[in-house]
Structures are given as structure tokens and as C-alpha cells.
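Descriptive analysis of the structure
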Amino acid sequence: MTMNEEIMNSEKPVAENEQDIPDELDLKARKYLRGSGANLETLRDKKLKGQLALREKLHGQSAKAAAKAEKWLMPSEEGYLEPEGLEKTWMIKQESILHEVDIISSRKAFDMILPDLGPYNMEYTSSGRYMLVGGRKGHLAMIDMLSMELIKEFQVRETVRDVVFLQNEQFFAAAQKKYPYIYNRHGTEIHCLKEHGAALKLQFLDKHFLLVSVNKFAQLHYQDVSTGVMVANYRTGLGRTDVMRVNPHNAVIGLGHSGGKVTMWKPTSVKPLVTMLCHHGPVTAIAFHRGGQLMATAGMDRKIKLWDLRKFGVLHTYHGHARTLDFSQKGLLAIGNGSQIQVWKDSGNQEYESYMTHAMVKGYQIGKLSFRPYEDVLGIGHSMGISSILIPGSGEPNFDTFVANPYETTKQRREKEVHALLDKLQPETIMLEPSRIGTVRPPRKKEKPTKKEMEEEMEAAVEAAKSISFKKKTKGRNKPSKRTKKKEEEVFKAKRPFLEQQTEEKPYKKQRTAEEVELPKALQRFSRKKAS
Amino acid sequence: MKVKVISRSTEEFTRERSQDLQKVFHNYDPNLRTHEKAVEYTRALNAAKLEKIFARPFVGAMDGHIDAISCMAKNPNNLKGIFSGSMDGDIRLWDIATRKTVRQFPGHEGAVRGLTSSTDGDMLISCGTDCTVRLWKVPILKIMDPNESNEDYSKPLAVYVWKHAFWSVDHQWDGTLFATAGAQVDIWDHNRSEPINTFEWGKDTVISVRFNPGEPDVLATSASDRSITLYDLRMSSPARKIIMRTKTNKICWNPMEPMNFTAANEDCSCYSYDMRKLDEAKVVHKDHVSAVMDIDYSPTGREFVTGSYDRTVRIFPYNGDHSREIYHTKRMQRVFCVRYSCDGSYVISGSDDTNLRLWKAKASEQMGVLLPRERKKHEYLDAVKERYKHLPEVKRIVRHRHLPKPIYKAAALRRTMIEAENKKDKRRRAHSAPGSVSAQPFRKRRILKEEE
């Protein structure tokens, strides 16, 4: 026995090791598989089955190849923050982090105090290279974050409510007092978008070239910036709001309303796709995870909730106020409230707990938090200017030159813009489940209910008819006999549509079967047709 | 506390000198690329549209003959050269690149009916209604110079006079024999003035003959008694014969699967047969609206081109029942002969209007040398098109072809006729005793009998 056990023990680790290597690769490859494969068992067409099986095999191979190539293609490692001993990550201050990191990284954290024209709003390009700053009192500036140079700064001498980059750093839009305007990087006004009205919030859908605004009258505007066509203009009808975010996964716009509702919109439907009651009080902030399955909302009811967008159910509810929320590329959640910043991290099972905290100078009001893409940096727009802090492990370490390149040259930018325009998506492609494009419509549900269903329905209708209570009538018309008669009539009325359906089907069927059985085809034409 | 943040130095991620290539980094994470499917679909749709825009298949016409072109032959030794014979007895060698006549071979007194060149490409064999077979030496391709004496080539190497008019000739793929078709099938040697062997099965004229590319001794003929016959030179008599409902005009073997051949039939369809199993056609290729006059396989064996009496040229996949492409112009008349070029990228058609026409085999293919990046792009676009070809919008664009009005109408008429026939067939079956009339598939219906 002992011998056997020893042999067993000695064999086991070897086997495990052998299994571990492919397992690790499989885990990595799962990401590239983009969901499970099709079920080919139900197919009856052998030729098609063969073709699809081959397709699936190729797909699996390419996923595996991508997983294998990861090692060489993605050399940079993501950032981390590891406590030692009794230390907790949320106790670590920015100063101590800045001491530890290299000089280039320590330069990324800064405070820009601009007391005159605040509060400030800010935004990064998708590559994280450029930052756009908009002061409430009309201060607009664009900064190159790589060289920390000011590209352009100017004043519009008007209220600026929001700023947003268009397809690249060449153009940006600013929501001003009466209308949104589009400027180029030299600060020249290119367009005044009068149709939008006094926009409160702007968003840009870069794959679709759509500029989205929500204005004072709670109207949602979608404008194509490549052609200038106003694609859609909808009344939300839920009151004025300035809480708007794009779900990056499917380009659906999420709006938070003062009644506690969150609505989701696409440009091709007048009604919202989804209306969820999220809070008992106004919604103050929304953020979407880039995977598209997770949404965070904050309300005035002192709640921060995480939602599963697959079933539109709440995952977790936390206590706390938030003026602004943002998800990082790696899934950290930044929460800004007053002068306090908290960063939460997923501790597995989508349960978020505090990862880092940061306190601004007391009295600064944080208006906007935004993680810088491909960097471990969190940008903060507040009442006294703009700041940024280091959040290790927040950004994607490896960029793709053809998706978003922080080191883009002019030529590359031009080429990318041309390709983006060629691949511009039509507004119809915006939908809750974007992978549904190119799939087959599922077979329609059978229109006719089964016999059993019909009987149940009839019974329910009869029960409903029986329970109707009648008004009391004048003397002589209120006899019990008359009342029962009336009740019977009601029951019959309720039954009638079902009975009619049954009678319609039956005789027809009978006739056909009778003829088919009795007469050969050649003689059928001589048989007498029954009057139906 | 251990801490690390993402830190990139600009030098590492940009090129050192301006002569260097730009550094490129990849991250295939699906989360970075949103709307993947929508983007791919848009690309497929745009590619389908671009394909339509760039579809300019007609390269040029080769003008020179003064009568209808009756036959053509490829030169296996020379990619640019093609021979054509016309109804007035004129034979020309063309340079496809410049689209000019290089050489003329005068001599035939009636229509040239058959042309073929030997496998080594040194010899051209022609035959015609003047009961002669002529052997010519093939010149080295050069533009015709009027001052230069071309006596060497303008006289045939040999002229063999025989008893009957000839309809077709084909050279063995490997060897020195060639076969002519006329009142009977004759097998000739280069150096003999009389046929070395003669086959006959029935009294009707044999109108086309083709050697098998895989087995040099096997050949197939079609005759005006609606038959397709297979011969083996090692045996003294023909091997097999099937009789169809209508006449077969031309036969072509699949060069990559030499047991299969396709017959161009008078009833507007082509029939692909396996020579081991002649009781049913493997595929019926239908789309033409008039008799199919000639057929030629691409050297890849995946596609073949047909020319028809309805003034169109069509390209079919070897296993598809409908054509991939249709070519027509206003001026092109009845097409009597078609050939694929030896590299499979061009199609040449000869028609009643005395012109040879040069077409691209893929209508929207870019001509000239492709850069590797261009080729990759084309491959990618083809792949996405293939992936989304079933979606209605892409399918509509890819499938659509403009047809001349007479052909469009004729096709509609044919459809009605076939439907009516099917309907009648169905009724006949319904009104007769069960089992007495069996439903025959179309693949078998046109075959009358098989003889051995």
C-alpha cells in the first residue's frame, strides 16, 4: 500500500506539470476566442458542418497563436502596488509612491493651480497623449502630455460646460453658453453647432464619427461630424441632466436623470433601449467598464451601485456620495466626492474594495476624474485647476500601434484618419449586443398557441368573466334570474373567441384527411366540395 | 511597499534615425478593439462595392481576321502567343501583350476548323474543310516586320491530304500523335502522311476531339449523333459511348482532375462527367440561354470558361451549377471559341465579328505587379467578403450582374419553360399509377443511353 501511494505521489506532480503548461496557454487563449464556439451538433447539412468545423478549428488556432505570441508582442508589464507587512494599499500616500518611482513617471503627477477661470473639466485622447482642459469661465487649452508642452491656450469669454476631443487631437468640441463649437488644434473656430442648443454635456463616438450632446431641454442630439448630417434628435422627456457617458463596448449612450432613472439610447430609436430605476434620488454620475458588462452609478441617495448590464441587475451596493466616476482600462473604479478621491479595485467576483485614496486640498471641489489611457495616471479636474496622480496598475501596459498610438507621427495620424473614415460605422450598427451583427435571426416563435395553452387561456378568461360584479339595477331588472342570465352571457362572450378558433381549424382538417384517404388524386377533382 | 508604474521612454518606442522604419507594436486584446464585427462587416460591404466599381474585365480586342474566327490554340511554350484560325482559311499568331499579329500562315483554301500545337510548342497543326492537315513550324515571337523575309514560316512543314473534311484536331499531351475528327476519328503521327489508326462508331460526323491530359492514350470525342465517345489508343475499338438528348459541341478535360471532363452542350448547359461513371453527370452547369459553342479549363482546374451562341462568355466554377461571371459587349457577336491563358489570369474569346477579345479572368483584379502590402490587403478583403457573403446586403451587391436585355428576357423565358416542364412532370407523376413514372434528377435526365 505504502509503495503504491508513494508511486502515486511521485507520479502526480509530473502529470500536473504536464497539464499546467497547456492550461495556462488555454487560459490566455480564452480571451482571444471571443466566446464559446458554435454548436455544430444540431446541423443537418454535412457540407456546411464541415466548412464550419474547419472555420472553428482555424479560429481556435489563431487564438492559440495570439496567446503564444503575447510573450514577444507585449513586452511591457502592468504596474502594481504591493503592501508589505501590516501595510494596506489604501494607506500609501502619493508622496511615498513618487519617492519610489523613476523620474519620468514622477513627472506625470502634478498640480496646476488656475484659480481664476475654474472649475475645470478635462479629457484625454484615446491614446492618452493629449489632454484637453476647459475652464468653466471660458478657458480652453490643449496640452501634450508626453513633452508636457502647452499646444494652444485661448479664452472664449463664455461659459464652457464641457469639452471633448473629436476623432483625433486635431479637432475638439466645446459646449459653450448658447451652442457647442468645434475648434481645431490652433484654436480656430471651425463650426458653430446651433442645432444642438445650449448643450450641457458632450460625447464623441469615434467609430461612428458621431457627436452626441444633451442640452438644457433634455434633448439628445446625434450629429455626424464627417458629413455634418444631424442623424437623430430625441426628447428624453425626463428632465434636465448633465450625466451622460458612452458605453465603449457598444456605443450606447447612458443618461442619468434626476428621478433616479438611467436610460440608454441609440440614434435609431426614439424611445430609450433601456430604462432602469437605479436610485431613489437624482443620479449624479455613471461610468461604464470597457468590457461593456459592468456599469457603476452614483446617486444623491448616498449609494454607489454596480450593475450587471447582461441582466440589468444590481451586483453590489455601496454607501457613499460620488460627484464623478470613472473606470480605468484595467477595471479600477475612481470615485470623486468633494475633495476626496477613492480608487476601488476588483477583489475577485466583481466585489470592489478600496485600493487607494487621495485627498486634495480642503475646499477643492472635484468635478471630473479621468484615467489616462495606457498610463498609470488619474487626471483630476477640480475647482482650482487640474491635477494628476499616480495609480499603479490602472492602465493597459501595451498599446497597439494601429488602435491608439501615443507616439503617433503625422503621417501615421493621417493614414489612420483615412482608414477610420473608410471603416466608419453607420448609426444602425449601434445596438445593445454588438456581436449580433452578421448573425442569423433566430427562428420566430410559433405563432399559434398549443391546445393546452388555449384551454388555459380560456379558463382564465371564463374565471375573469365570472368574477365581474354587476351594478344594481332598478326594481324588476335586478331579479336573480336576470342576473344569472347576464352572467352566463358574459361567460359565453369570453369563451366565444376561443371556440371560434377551434371550429375554424377542425372541419377543414377533417375534410382534407377524408378526401386524401378515400380518393386517388386523379378522381379528386370530381368529388363534391362541401360548402364551408 | 513595492510599486511599479508604467513608464515608457520615448527612445524605446520611436525610431532612432529618420531612415529607419517606424516601430510597430501589437496587442491583440479584443477589449482594445471595440465593434470588431461591425467594422468587419462594413469592410466587407465596402469591399463588395469596390469590387463592383473596379470590375473592368475587357482588356482589348485583337482585330485582323476578315472572317469569323472558328478555332484557337494556346502555345504551351509561350505565354504571350495564341493562334487563331478563321473561316476564310487564315491562321494567325497573336502577341497578347501588344495585341498585334506576329505571323500569318496562309495556305488553307476552306475554313480552318481545328488548330492545336504540340506539347513542346514547336509545331502547329491545323486542319480544315479543304480535307488537308497542315503542320507548321512555330516561329519565335517577334512583331511582324514587312521587310524581313518570313519564308521559313509561311510554308507548312507538311501537307497531308485526306478523304474527308476535318472538324477538329487535338495533339497528345505527351507524345508525337495527334487526332483529327471528321467522318471518322483518325490518329496521325508527325512523320506519316497517312493516319496510323482510324476509329469509327456509327456513320455520323465527329465534331470534336480532345486528348486526356493525364493518360496520353485516352481521348474523348463528340459527334453529331448526340454522342460522347471515349477511346483508348491501346485498344482496337472505341471504349465507351453515351448518347444525350442534344449534341455536344466541345469537350474539355479538367487538367487537375484528369478523370473528369466537361461537355459543352447544344441545350444551353455544360455537363461535367466522371469518365468512370458515365450514367449521370456530376454537375450540370446552367446559365447560358443558347447553345454553348466552346469550353476551356483554367490551368488550375478550378474554373472553366464557356463561349456561347447567345453572344456571351461565362466563367463557371468546376463544381458550381451557376456561373461566377458573365462577359458581354455590344459589339461581340456569336462566340465560337474561348481559351484560358496559360497562366489562368486572362480569357480570350473569338467570335463571329472577326475579332479576338481579351478579358481578365477576375473582373476586378488589379493588373501589374502587386506590392506585398497590396496583396495582403486584397487577401484580407477577400476573406471578409467570403465571411459575410451570406448577408443580404453584401450578397445582393456581389451577385448582381448587368445583362443585355435580350439575354435577360431569354433567361426569364427559359425559366418559365423549365418551370412549366417541371410542373407538367409533377402532374404526370401525380396522375399515373404510383411507381410507374419515377422522378429522374436533371443530372440523369438528358442522357438517353450508355453503350459499351
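Small disclaimer: the values here were computed from a predicted structure and weren't measured. (Residues numbered from 1 in each chain as written. Chains lettered and ligands numbered in written order. Predicted model: local features only at pLDDT ≥ 70, side-chain atom pairs only at ≥ 80, totals over all residues.)

**What to know about the overall build of chain A**
- Helix and strand counts for chain A stand at eight helices and 29 strands.
- Seen through its principal axes, chain A has C-alpha atoms that stretch 100 × 85 × 55 Å.
- Here chain A holds 532 residues, and the buried ones make up 33% of them.
- Taking the intrachain contacts of chain A between residues at least 6 apart in sequence as the baseline, contacts between residues at least 24 apart amount to 46%. (Helix = DSSP H or I, 4+ residues; strand = E, 2+ residues; numbered from the N terminus. Buried ≥ 20, exposed ≤ 12 C-beta atoms within 10 Å, placed from the backbone. Contact = placed C-beta atoms within 7 Å.)

**Some remarks on helix α2 (residues 36-53) of chain B**
Residues and elements named next belong to chain B.
- In this model, α2 (18 residues) spans 26 Å end to end at C-alpha, consistent with the 26 Å of a helix rising 1.5 Å per residue.
- Within the span of α2, buried status applies to Ala-38, Val-39, Tyr-41, Thr-42, Ala-44, Ala-47 and Ala-48.
- Residues of α2 that are buried make contact with α4 (372-387) and α5 (392-399). (Expected span 1.5 Å × (residues − 1).)

**Remarks on the interface of chain A and chain B**
- Tallying the contact residues gives 54 residues for chain A and 35 residues for chain B.
- When residues of the side of chain A that touches chain B are traced back to their parent elements, those giving at least two are α1 (2-33), α2 (46-73), β1 (80-82), α3 (94-100), α4 (103-106), α5 (410-422) and α8 (521-524) of chain A.
- The residue makeup of the side of chain A that touches chain B, split by class, is 25 nonpolar, 14 polar and 15 charged.
- Bridge analysis of β1 of chain A against strand β1 (residues 2-4) of chain B gives three bridges, and the strand direction is antiparallel. Counterpart to Leu-81 of chain A in the pairing with β1 of chain B is Val-3 of chain B. (Nonpolar A, V, L, I, M, F, W, Y, C, P; charged D, E, K, R; others polar. Pairing = 2+ DSSP bridges.)

**Description of the domain arrangement of chain A**
- According to the domain assignment, chain A consists of domain 1 (89-111 + 119-425) and domain 2 (451-524).
- One C-alpha centre belongs to domain 1 of chain A, the other to domain 2 of chain A, and the line joining them spans 61 Å. (Domains from an automatic or database assignment.)

**A short note on the nonpolar core**
- Of all hydrophobic cores here, the largest spans 92 residues; its most connected members are Leu-132, Phe-172, Ala-174, Leu-325, Leu-333 and Ala-334 of chain A.
- For this core, the leading source of residues is strand β19 (residues 283-288) of chain A, giving five residues.
- Each residue touching Leu-325 of chain A, except ones within four places of it in the same chain, is listed here: Ala-285, Ile-286, Ala-287, Ala-296, Ala-298, Leu-333, Ala-334 and Ile-335 of chain A.
- The next biggest cluster of nonpolar side chains, apart from the first, holds 83 residues, and it includes Ala-220, Val-292, Ile-295 and Cys-337 of chain B. (Core = buried A, V, L, I, M, F, W, Y, C linked by C-beta atoms within 7 Å.)

**A word on the packing of α2 of chain B against α5 of chain B**
All names here are of chain B.
- Remark: α2 packs on α5, axes separated minimally by 9 Å, with the N-to-C direction vectors making an angle of 15 degrees. With respect to α5, the element α2 is oriented roughly parallel. Crossing hand, α2 versus α5: left-handed. Between α2 and α5, the residues in contact are Ala-44, Leu-45, Ala-48, Lys-49 and Lys-52 and Glu-393, Val-394, Ile-397 and Val-398, respectively. (Axes fitted to C-alpha atoms, helices over the stretch in contact; angles between N-to-C directions. Parallel < 35°, antiparallel > 145°, perpendicular 65-115°, else oblique. Left-handed = near helix turned anticlockwise from the far one by under 90°.)

**Side note on the UniProt feature "repeat: WD" (unreviewed entry) in chain B**
Residues and elements named next belong to chain B.
- In this structure's numbering, the residues bearing the UniProt feature "repeat: WD" (unreviewed entry) are residues 62-104, 105-138, 285-316 and 328-369.
- Here residues 62-104 runs as 0% helix and 56% strand, with 14 Å between its end C-alpha atoms.
- Between the C-alpha atoms that bound residues 285-316 the distance is 7 Å, and the span itself is 0% helix and 56% strand. (UniProt positions renumbered as here; feature names shortened; annotations may be inferred.)

**Considering the sheet that holds strand β3 (residues 69-74) of chain B**
All names here are of chain B.
- Strand order in the open sheet made by the four strands is β3-β4-β5-β6, with antiparallel pairing throughout. Only two strands of the sheet have a single neighbouring strand rather than two, namely β3 and β6 (100-104). Strand-to-strand twist of the sheet, defined as the mean angle between neighbouring strand axes without regard to direction, takes the value 30 degrees.
- Taken together, the four bridges between strand β5 (residues 91-95) and β6 define a ladder with antiparallel strand orientation. Residue pairing in the sheet places Leu-93 in a bridge with Arg-103 of β6.

**Here's the deal with the confidence of the model for chain B**
- On average, residues of chain B carry a pLDDT of 92, and 97% of them reach 70 or more.
- In the model output, the complex is listed with pTM 0.84 alongside ipTM 0.80. (pLDDT = per-residue confidence, 0-100.)

**Thoughts on the UniProt feature "repeat: WD" (unreviewed entry) in chain A**
- In the UniProt entry, the feature "repeat: WD" (unreviewed entry) is given for residues 276-317 of chain A.
- Between the first and last C-alpha atoms of residues 276-317 of chain A the distance is 15 Å; the span itself is 0% helix and 60% strand.

**Quick word on the pairing of strand β24 (residues 303-308) of chain B**
Residue and element names in this part refer to chain B.
- For β24, the tally of buried residues reaches six of six residues, placing the bulk of the element in the interior.
- On β24, burial covers both faces: Glu-303, Val-305 and Gly-307 on one face and Phe-304, Thr-306 and Ser-308 on the other are all buried.
- Two elements, strand β23 (residues 292-297) and β24, share five bridges in a ladder whose sense is antiparallel. The residue bridging Tyr-297 from the neighbouring strand is Phe-304, located in β24.
- Hairpin connection of β23 to β24: five residues between the antiparallel strands, including Gly-301 at a positive phi of 75 degrees.
- Looking at chain direction, β24 and strand β25 (residues 313-317) are connected through five bridges and run antiparallel. Residue pairing across strands places Glu-303 opposite Pro-317, the latter belonging to β25.
- A loop of four residues connects β24 with β25, the two strands running antiparallel in sequence, and Arg-311 in this loop sits at a positive phi of about 70 degrees.

**Things to note about the sheet that holds strand β17 (residues 227-232) of chain B**
Residue and element names in this part refer to chain B.
- As summarised here, the arrangement of the five strands in space is β15-β16-β17-β18-β30, forming an open sheet in which the pairing is antiparallel. Two strands bound the open sheet, and with one partner strand each, they are β15 (206-211) and β30 (447-451). Ignoring which end each strand starts from, the neighbouring axes of this sheet average 15 degrees apart.
- The pairing of strand β16 (residues 218-223) with β17 spans five bridges and is classified as antiparallel. Residue pairing in the sheet places Ala-220 in a bridge with Leu-230 of β17.

**Observations concerning the domain arrangement of chain B**
Residue and element names in this part refer to chain B.
- Domain boundaries in chain B define domain 1 (34-55 + 368-425) and domain 2 (58-367).
- Measuring from the centre of the C-alpha atoms in domain 1 to the corresponding centre in domain 2 gives 31 Å.
- Counting residues at the interface gives twelve residues for domain 1 and nine residues for domain 2.
- Element by element, the count of residues in the side of domain 1 that touches domain 2 is highest for helix α6 (residues 405-431), at four residues.
- Tallied by class, residues from the side of domain 1 that touches domain 2 come to eight nonpolar, one polar and three charged.

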